[in-house]
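A structural walkthrough
Residues per chain, in single letters:
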Amino acid sequence: MVNLTTQADFSAAVEQVRQAGRDLVTAGFDTQTRLLEGVATAIEASFDDILEANTLDLEASLEMAVPERVLDWLKLTPERLQTTAKILRRLAYLGDPRGLLHPAPSRLSKAVAGYGQVVPLGVIAMIYEAFPELAAIAAGLSLRTGNGLILKGSNEASQTNQAILQALHQALDSVGLSPYCILSLTEEQGDVARSWLLQDPGIDLIIPYGRPSLVQQVVRQAGVPVLPTAMGNCYLYWSPTGQLDTVTHMVLDSHRGEPDAVNAVEKVLVHRGGNPSALVQLCHTLWDQDFEVLADEDLLPDLPNVKLAAETDWKRPFLGKTVALRLVDSVQTAATLINRYSNGHANAIATETYAESSRFTQLATSSVIYINTSPRFVRNPAQASSIALGMTAQRGRCNGFVGLGAFVTTQHILQGLE
């Protein structure tokens, strides 16, 4: 464990992480590939140790009355660890995301030519709540892109995080690279080290992951760039032409993301011109699947067994099996409510008309919009280049899926022609 007793110690450690990232780039693509394969192998070889540590964390968390949702995020299974190893191997087989060239947008003068090349950010930090396997996945993204990584996990997963870190450092040692490529701030180093992390100018980007309260706290306190992730509070607009089967699948399937249903549809905006019996059928299907159903006051007369949704419900994520229904008069009204209340990272529409889907995509400001398909978040998708830690609603350099693109930037090169 790195000894961090002062802020100067911490800043010095950050610089060592930065240098370790540079050494990683210098080592070359083939070494990074072997390293990622080694990380996957080390995780697999440490399954028993990691799961044993996880059991101890779970027992301690139960005694501390940790919320059930966080316990679900914390609890590792052999399947979750195996998926993590698969993600790491898929990252190993990817081409190098750095060094890609593209022309500069314009020439400053006839005597100067320019181009851009993709380069690592430098030092990335991740502050995360439970989800111990995310440390390994974030490490994989960092190692593939040539960044140094600083991890600050939650105390609930302290022993699991340490077991995973040991596997990561074993892989780094096997190829002769510094353990400073991945620096973990432990429970013993306390909240002071986290405060230093949020303010140190040597940090190029912080990615917080967990409940909205954690993400918002990091955004408020950080003095360095933050890429806030988003979870839950996704909306679905059910147009008059939208099919019941489509809506039912979109809602239910979106909640099947494991262990974190990042894009779970929690709010359904129902057009006034829709079929009332179809809405009743949707409610019965949700009840059969152990969902709680809420509704606004306009829908209560048609849904007598449904509870009234509070005004605050429309803005907050439930992060559980709860769906709230609301009546709207038009696609414009639906988009206005979505832009006002949703988390903005993933929203959806069910419709059979191209004109309405096109109108919706123009009006809704979501990072990602799903049309007649489940918005379910998959961390290990079919295309390895689309592997993602989570989702973000941040507009600008990184928008939507938080993957390899969040770990790199473009360096512009200008060259004189004379």
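About the criteria used
Residues numbered from 1 in each chain as written. Predicted model: local features only at pLDDT ≥ 70, side-chain atom pairs only at ≥ 80, totals over all residues. Heavy atoms only, no water. Pairing = 2+ DSSP bridges. Helix = DSSP H or I, 4+ residues; strand = E, 2+ residues; numbered from the N terminus. Buried < 20%, exposed > 50% of the residue type's maximum accessible area, 1.4 Å probe, protein only. Arc of directions from axis to C-beta. Contact = heavy atoms within 4.5 Å. Axes fitted to C-alpha atoms, helices over the stretch in contact; angles between N-to-C directions. Parallel < 35°, antiparallel > 145°, perpendicular 65-115°, else oblique. Nonpolar A, V, L, I, M, F, W, Y, C, P; charged D, E, K, R; others polar. Polar contact = N/O pair within 3.5 Å; in protein donor to acceptor, adjacent residues only side chain to side chain. Core = buried A, V, L, I, M, F, W, Y, C linked by side-chain atoms within 4.5 Å. Expected span 1.5 Å × (residues − 1). Phe/Tyr/Trp six-rings, centres within 6.5 Å; stacked < 30°, edge-to-face > 60°. Lys NZ or Arg CZ within 6 Å of the ring centre and 35° of its normal.

1. Regarding the sheet that holds strand S12 (residues 346–350)
The seven strands lie next to each other as S10-S9-S11-S8-S7-S12-S13, forming an open sheet whose pairing is parallel. The sheet is open, and its two borders are formed by strand S10 (307–308) and strand S13 (368–371), each paired with just one other strand.

2. Examining helix H12 (residues 331–341)
Among all positions in H12, only Val-331, Ala-334, Ala-335, Leu-337, Ile-338 and Tyr-341 are buried. The buried residues of H12 all sit within an arc of 165 degrees when viewed along its axis, so they share a single face. Tucked into the core, H12 has its buried residues touching strand S7 (234–238), strand S8 (265–271), strand S11 (322–328), S12 and helix H13 (354–363).

3. Digging into the packing of helix H5 (residues 78–92) against helix H6 (residues 133–145)
Each pair of packed helices gets described by two things: the angle between the helix axes and the distance between those axes. For the pair H5 and H6, the least separation of the axes is 10 Å and the interaxial angle reads 0 degrees. The angle between H5 and H6 falls in the class roughly parallel. Contacts from Arg-80, Thr-84, Ile-87, Leu-88, Leu-91 and Ala-92 in H5 reach Glu-133, Ala-136, Ile-137, Gly-140, Leu-141 and Arg-144 in H6. Class assignment for the residues of the contact of H5 with H6 results in seven nonpolar, two polar and three charged.

4. Details of the sheet that holds strand S3 (residues 123–128)
One open sheet holds the four strands; their spatial order is S5-S4-S3-S6, and the pairing between them is parallel. What marks the edges here is a single partner per strand, and that holds for strand S5 (182–185) and strand S6 (205–209). Strand-to-strand, the axes of this sheet are offset by a mean angle of 20 degrees, without reference to chain direction. For S3 and S6, the ladder comprises five bridges, and the chain directions are parallel. Its bridge partner lying in S6, Ala-125 is registered against Ile-206. Together, S3, strand S4 (148–153), S5 and S6 form the strand contacts of H6, whose direction differs from that of S4 by roughly 165 degrees. Along the sheet, helix H9 (residues 212–221) contacts S3 and S6; its crossing angle with S6, the most-contacted strand, is approximately 160 degrees.

5. Looking at the side chain of Asn-147
Position of Asn-147 relative to the elements: it lies in the loop between H6 and S4. For Asn-147, a relative accessible area of 0% puts it in the buried group. Within the structure, the side chain of Asn-147 is placed 2.9 Å from the backbone nitrogen of Leu-121, a separation counted as a polar contact. With residues near it in sequence (within four places) discarded, Asn-147 still touches Gly-21, Leu-24, Pro-120, Leu-121, Gly-122, Val-123, Ile-124, Ser-142, Cys-181 and Phe-407.

6. As for the nonpolar core
Within soluble globular proteins, side chains that are nonpolar generally end up buried alongside one another. Formed by 123 residues in total, the largest nonpolar core has its most connected members in Ile-43, Ile-150, Ile-182, Leu-325 and Leu-389. Of the residues forming this core, the biggest block, eight residues, is contributed by H6. The contacts of Ile-182, once residues within four sequence positions are left out, are Ala-139, Leu-143, Leu-149, Leu-151, Leu-165, Leu-168, His-169 and Leu-172. Ranked by size, the runner-up nonpolar core spans 17 residues in total, among them Leu-294, Val-328, Ala-334 and Leu-337.

7. What about helix H3 (residues 47–63)?
If you check H3, its first and last C-alpha atoms are 25 Å apart, about what 17 residues at 1.5 Å a residue would give, namely 24 Å. Among the residues of H3, Phe-47, Ile-50, Ala-53, Asn-54, Asp-57, Leu-58 and Ser-61 are the ones counted as buried. Seen end-on, H3 carries its buried residues on one side only, within an arc spanning 145 degrees. Away from its buried face, by an angle of more than 90 degrees, H3 presents the exposed residues Asp-48, Asp-49, Glu-52, Leu-62 and Glu-63. The secondary structure elements touched by the buried residues of H3 are helix H2 (29–45), helix H4 (68–74), H5 and helix H7 (158–174). Of the residues trailing H3, Ala-65 is marked for its positive phi of about 60 degrees.

8. What to know about the packing of aromatic side chains
Taken as a whole and assessed by the stated rule, the structure comprises five aromatic pairs. Relative to Trp-196, the ring of Phe-10 lies with its centre 6.1 Å away and its plane at 45 degrees, an arrangement referred to as tilted. Separated by 186 residues along the polypeptide, Phe-10 in helix H1 (residues 7–27) and Trp-196 in helix H8 (residues 190–199) bring together distant segments of the chain. Residue Phe-10 shares its accessibility class with Trp-196, and that shared class is buried. Between Trp-73 and Phe-131 the ring centres are 4.7 Å apart and the planes differ by 25 degrees, which places this aromatic pair in the stacked class. Of this pair, Trp-73 sits in helix H4 while Phe-131 sits in the loop between S3 and H6, placing them 58 residues apart in sequence. Taken individually, Trp-73 and Phe-131 each receive the classification buried, so the pair is uniform in this respect. One aromatic cluster is present, built from ring pairs that chain together Trp-73, Phe-131 and Tyr-209. Lys-267 extends its terminal NZ or CZ atom over the ring of Phe-318, reaching a point 4.5 Å from the ring centre. Note that Arg-326 overlies the ring of Trp-314, its terminal NZ or CZ placed 5.0 Å from the centroid.

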